Amino acid sequence: LQYPHHSFMAVDVSDAKQVHQWSQHILAHYGAPQLLLLNAAVAADKVQIEDASIEVIDSIMDVNSKGVMYCIKFFMRAMKQNKNIPSQIVAISSASGRNGYPSMSPYCASKWAVEGLMQSIAEELPSHMMCCAYDPGGIVTEMTVYLVPELKGQIEKAEKMGAVGATLWAQQ
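What you are looking at is a predicted structure, and each value in this text was computed from that prediction instead of being measured. (Residues numbered from 1 in each chain as written. Predicted model: local features only at pLDDT ≥ 70, side-chain atom pairs only at ≥ 80, totals over all residues. Heavy atoms only, no water.)

A.B. asks: So what's going on with the packing of helix α1 (residues 16-30) against helix α2 (residues 54-81)? Which residues, and what values?
C.D. replies: The N-to-C vectors of α1 and α2 enclose an angle of 30°; their axes lie 9 Å apart at closest approach. For the element pair α1 / α2, the angle class is roughly parallel. Between α1 and α2 lies a crossing of right-handed hand. On the side of α1, the interface is formed by Ala-16, Val-19, His-20, Trp-22, Ser-23, Ile-26 and Leu-27, while α2 contributes Tyr-70, Cys-71, Phe-74, Phe-75 and Ala-78. For the contact of α1 with α2, the class distribution of residues is 10 nonpolar, two polar and no charged. (Axes fitted to C-alpha atoms, helices over the stretch in contact; angles between N-to-C directions. Helix = DSSP H or I, 4+ residues; strand = E, 2+ residues; numbered from the N terminus. Parallel < 35°, antiparallel > 145°, perpendicular 65-115°, else oblique. Left-handed = near helix turned anticlockwise from the far one by under 90°. Contact = heavy atoms within 4.5 Å. Nonpolar A, V, L, I, M, F, W, Y, C, P; charged D, E, K, R; others polar.)

A.B. asks: Kindly report on empty space enclosed by the protein, identifying the contributing residues and their values.
C.D. replies: Regions of empty space are outlined by a rolling probe, equal in size to a water molecule, passed over the atoms. Considering all chains together, one arrives at one cavity of 30 Å³ or more under this definition. Lining the largest cavity are 13 residues; nearest its centre among them are Ala-44, Asp-45, Ser-103, Met-104 and Pro-106. Sorting the residues of the lining of the largest cavity by element identifies α2 and α3 (105-122) as the ones contributing at least two each. Looking at side-chain class alone, the lining of the largest cavity contains 10 nonpolar, one polar and two charged residues. (1 Å grid on protein atoms, 1.4 Å probe; cavity = no way out; pocket = protein on both sides within 12 Å on 5 of 7 lines; lining within 4 Å. Points joined across faces, edges and corners; volume = space filled by probe spheres on them.)

A.B. asks: Account for α1, naming residues and giving values.
C.D. replies: For α1, with 15 residues, the first-to-last C-alpha span of 21 Å sits near the 21 Å given by 1.5 Å per residue. Residues Val-19, Ser-23 and Ile-26 constitute the buried set of α1. Buried positions in α1, seen along its axis, are confined to an arc of 65° and lie on one side of it. Exposed residues pointing more than 90 degrees away from the buried face of α1 are listed as Lys-17, Gln-21, Ala-28 and His-29. (Expected span 1.5 Å × (residues − 1). Buried < 20%, exposed > 50% of the residue type's maximum accessible area, 1.4 Å probe, protein only. Arc of directions from axis to C-beta.)

A.B. asks: How would you explain the state of the cysteines if you had to name every residue and give the values?
C.D. replies: Inspection of the entire model under this criterion finds zero disulfides. For the unlinked cysteine Cys-132, the closest cysteine sulfur is that of Cys-131, found at 7.0 Å. Overall, the relative accessible area of 26% leaves Cys-132 in the partly exposed class. (Disulfide = S-S within 2.5 Å.)

A.B. asks: I'd love a proper account of the layout of surface pockets, names of residues and values included.
C.D. replies: For the second largest pocket, the calculated volume is near 610 Å³. If you trace the second largest pocket, you find 23 residues lining it, with Ser-7, Trp-22, Leu-35, Leu-36 and Leu-37 closest to the centre. Secondary structure elements with two or more residues in the lining of the second largest pocket: α1, β1 (35-38) and α2. Taken together, the residues of the lining of the second largest pocket sort by class into 17 nonpolar, six polar and no charged.

A.B. asks: Can you explain the nonpolar core? Please cite residues and give values.
C.D. replies: Of all hydrophobic cores here, the largest spans 25 residues; its most connected members are Leu-38, Ile-72, Ile-89 and Met-118. Of all elements in the fold, only α1, β1, α2, β2 (87-92), α3 and β3 (129-134) reach the threshold of two or more residues within this core. In contact with Ile-89, other than residues within four places in its own chain, are Leu-36, Leu-38, Ile-72, Met-76, Met-79, Met-118, Met-129, Met-130, Cys-131 and Cys-132. (Core = buried A, V, L, I, M, F, W, Y, C linked by side-chain atoms within 4.5 Å.)

A.B. asks: Provide a residue-level description of α2, including the pertinent values.
C.D. replies: In a regular helix each residue adds 1.5 Å, so 28 residues correspond to 40 Å; α2 covers 39 Å between its end C-alpha atoms and thus fits that length. Where α2 bends most, the angle comes to about 45°, and this point is Phe-75. (Bend = angle between axes of the 7 residues up to and from the residue.)

A.B. asks: Lay out the sheet that holds β3 with the relevant residues and their values.
C.D. replies: In a beta sheet, neighbouring strands pair by backbone hydrogen bonds and run either parallel or antiparallel. Judged by pairing direction, the sheet is parallel, and its three strands sit side by side in the order β1-β2-β3 without closing on themselves. Edge positions in the sheet fall to β1 and β3, since each of these pairs with one other strand and no more. Pairs of neighbouring strands in the sheet enclose a mean axial angle of 10°, with direction left out of account. Contacting β1, β2 and β3, α2 runs over the sheet at an angle of about 175° to β1. Along the sheet face, α3 touches β2 and β3 and points at about 165° away from the line of β3. (Pairing = 2+ DSSP bridges.)

What follows is the structure in structure tokens.
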């Protein structure tokens with residue numbers, strides 16, 4: 001194997017059973033992680049809350065909020081017990097977790113939940129651990145262009161605004 005100390009697996013973080021099985025595999029093969037980086041997120045069409053479907057609201061909350069909770073839940077005990085090695089939990093958040101934006105209520109709510117969860121967990125951690133919600137700022141992704149369509153075809157403008165990670169589809 002090219003990366004013997006790494007595992008690359010697809011996991012539906014909105015499914016607690018899948019996350020639990022995945023965590024058991026990781027813990028059995030590699031032990032407690034030193035870094036748990038939680039990055040899964042979904043968004044949907046920008047609509048007023050009264051026009052958002054229940055399925056969309058559930059999907060956003062299940063992946064963006066509950067997925068973070070499930071991952072932390074199933075790795076936390078082993079990370080706490082691994083007292084000889086410092087460890088970190090980092091959940092990727094968003095400006096939407098610190099500000100409200102029109103027609104993005106479910107997404108904002110999911111990211112505010114991540115911010116609150118990480119603040120609460122930080123109060124529960126032993127001294128060899130830390131956690132935080134990290135807002136990486138303007139990263140041009142397919143989801144960003146979907147939510148902010150005026151960025152499409154404006155890659156130079158996005159880069160000047162501080163966005164990074166620009167790819168070909170954002171230029172089209």
